[in-house]
Amino acid sequence: MNVGFIGLGRMGAGMAANLLKAGHHVTVYNRTPAKAQVLVAQGAKLAASVPEACQGGAVITMLANDEAVEGVALGRNGIIDSLPAGGLHVSSSTISVALSQRLSDEHAAAGQHFVAAPVFGRPEAAAAGHLFVVVGGDPAAVEAAEPLLEAVGQRTFVVSDIPKNANLVKLSGNFLGASVIESLGEALALIGKGGIDQRRYLDFLTSTLFDAPIYKTYGNLIATGSFKPAGFAAPLGQKDIRLVLAAAEDLGVPMPVASLLRDRFLTLIAHGGDQLDWSAIGRLPAMDAALTEP
Ligand SMILES: NC(=O)c1ccc[n+]([C@@H]2O[C@H](COP(=O)([O-])OP(=O)(O)OC[C@H]3O[C@@H](n4cnc5c(N)ncnc54)[C@H](OP(=O)(O)O)[C@@H]3O)[C@@H](O)[C@H]2O)c1
């Protein structure tokens, strides 16, 4: 397919590279143009503007947050302005449920298709094409997007024909991820202060009842204190918890653990953690316990 790709950050760079590897004709655009060079070297065409990235009639966005997606999609020379009638926008950023609904409405009013396709997996998974893609959208639009989704992920899960539902699923997943990080941090602080080796403890946990990638990945990052360079930056994790709480308030769902996580991210960032991986909140319990060495 001819496809534009907007947002060549930690995740987008790997996703765009996999679209090229799958044989798609990819036109890339990034606010900071220098980041596009590595994709151009792999065969991508460079777009100097958002309208240029939309010329193929289909475009994927992988941008930091709501503000970035609004800036690129809405308004003069935005995606909605630039795609032809019948065009397709696949939105993979983790954005609010409310913005996803607004994008659905505005694309529909312009006679265009909108598919929400947020992803699970960190930048290594994006680079390897191993993401899990959660999809919401009209069945015909989802079918049109399928060759693109297959190129970026190892599996695609269509959860709804309403795009914003995929965003709600994504946010719920990041709430669970952050909850695991906090809980692991507390458990590791407890056994660490009790004088037990954290690595051996994690080997035990993750080879028995907690044999899941999330415990392995984050247990290792917390136990080794490997928070830099960030794979998923703390301000983006903070953003996701904010979006979880907004969705929860809209739906009338109390989420006391999410409220606690909000404060954990505030603490981390107030202490200068904005360059760290979001899993650095898992180090806060050890600091609270005055445990200096992991
Ligand atoms: N990292 C992960 O593990 C992970 C996993 C799943 C989902 N996600 C989600 O995927 C999205 C991207 O994450 P990431 O880790 O790739 O972030 P990132 O490395 O910070 O990249 C963010 C991208 O958004 C662009 N951007 C930011 N603000 C912008 C603005 N106002 N206008 C235009 N472009 C703007 C950046 O452009 P510049 O290069 O010019 O800064 C960059 O291309 C986020 O929604 C995140 O929550 C991340």
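Refer to the structure presented above.
Residues numbered from 1 in each chain as written. Predicted model: local features only at pLDDT ≥ 70, side-chain atom pairs only at ≥ 80, totals over all residues. Heavy atoms only, no water.

To continue, consider the overall build of the chain. Counting its secondary structure elements, the chain contains 14 helices and 9 strands. Rg of the C-alpha trace for the chain: 20 Å, near the compact-globule value of 19 Å for 294 residues, within the 12% margin. Seen through its principal axes, the chain has C-alpha atoms that stretch 65 × 45 × 35 Å. A buried classification covers 51% of the 294 residues belonging to the chain. Across the chain, the fraction of contacts at a sequence separation of at least 24, relative to all contacts at a separation of at least 6, is 65%. Surface exposure of the chain reaches about 13,500 Å², of which carbon and sulfur atoms provide 56%. Each charge class in the chain can be summarised by its mean position, and for the 21 positive and 26 negative side chains these summaries are 7 Å apart. (Helix = DSSP H or I, 4+ residues; strand = E, 2+ residues; numbered from the N terminus. Rg over C-alpha atoms; globule rule 2.2 N^0.38 Å. Buried < 20%, exposed > 50% of the residue type's maximum accessible area, 1.4 Å probe, protein only. Contact = heavy atoms within 4.5 Å. Areas by Shrake-Rupley, 256 points an atom, 1.4 Å probe, with all protein chains shown as cover. Lys, Arg positive; Asp, Glu negative; His and termini not counted. Charge placed at Lys NZ, Arg CZ, Asp CG, Glu CD.)

Our focus in this paragraph is the site of the ligand. In the vicinity of the ligand there are 24 residues, among which R10, N30, T32, K35 and K239 approach most closely. Contact with the protein chains removes 86% of the 910 Å² of surface that the ligand exposes when unbound. Broken down by secondary-structure element, the contributors of at least two residues to the shell around the ligand are α1 (10–21) and α12 (234–251). Residues of the shell around the ligand, tallied by class, amount to 10 nonpolar, 8 polar and 6 charged. (Near = heavy atom within 4 Å. Nonpolar A, V, L, I, M, F, W, Y, C, P; charged D, E, K, R; others polar.)

Right, let's get into the environment of M15. With respect to the helices and strands, M15 occurs in helix α1. Residue classification places M15 among the buried positions, given a relative accessible area of 1%. Separated by 136 residues in sequence, M15 and A151 have C-alpha atoms that sit 8.0 Å apart. Among residues more than four places away in sequence, those in contact with M15 are F5, M62, S92, V119, A126, L131 and V152.

A cluster of nonpolar side chains, namely F132, F157, V159 and V169, defines an oily patch on the protein surface of about 280 Å² accessible area. Inspection of the secondary structure assignment puts F157 in strand β9 (residues 153–160). (Patch = residues over 30% accessible without salt bridge, like charges linked within 9 Å, V, L, I, M, F, W, Y side chains within 5 Å. Salt bridge = Lys/Arg side-chain N within 4 Å of Asp/Glu carboxyl O.)

Attention now goes to the pattern of salt bridges. By the definition in use, this model includes 7 salt bridges. The partner of E182 in a salt bridge is R264, with the nearest N and O atoms 3.0 Å apart. Here E182 is found in helix α9 (residues 163–193), whereas its partner R264 is found in helix α13 (residues 256–270), with 82 residues between them in sequence. The pair E182 / R264 is uniform in exposure class, with both members buried. Here D263 ties to R262 by a salt bridge, and the two come within 2.8 Å at their closest N and O atoms. Owing to a relative accessible area of 39%, D263 belongs among the partly exposed residues under this scheme.

Taking 1.5 Å of rise per residue, the 12 residues of helix α11 (residues 213–224) would be expected to cover 16 Å, and the 16 Å separating its terminal C-alpha atoms lies within 8% of that figure. Along α11, the residues that are buried comprise Y218, G219, L221, I222 and A223. Just beyond α11, the residue with positive phi is G225, at close to 65 degrees. (Expected span 1.5 Å × (residues − 1).)

Attention now moves to the packing of helix α10 (residues 198–206) against α11. As a packed pair, α10 and α11 sit with axes 10 Å apart at the nearest point and diverge in direction by 175 degrees. Considered as vectors, α10 and α11 are oriented roughly antiparallel to each other. Across the interface between the two elements, Q198, R199, L202 and T206 from α10 touch Y215, K216, G219, N220, A223 and T224 from α11. Taken together, the residues of the contact of α10 with α11 sort by class into 3 nonpolar, 5 polar and 2 charged. (Axes fitted to C-alpha atoms, helices over the stretch in contact; angles between N-to-C directions. Parallel < 35°, antiparallel > 145°, perpendicular 65-115°, else oblique.)

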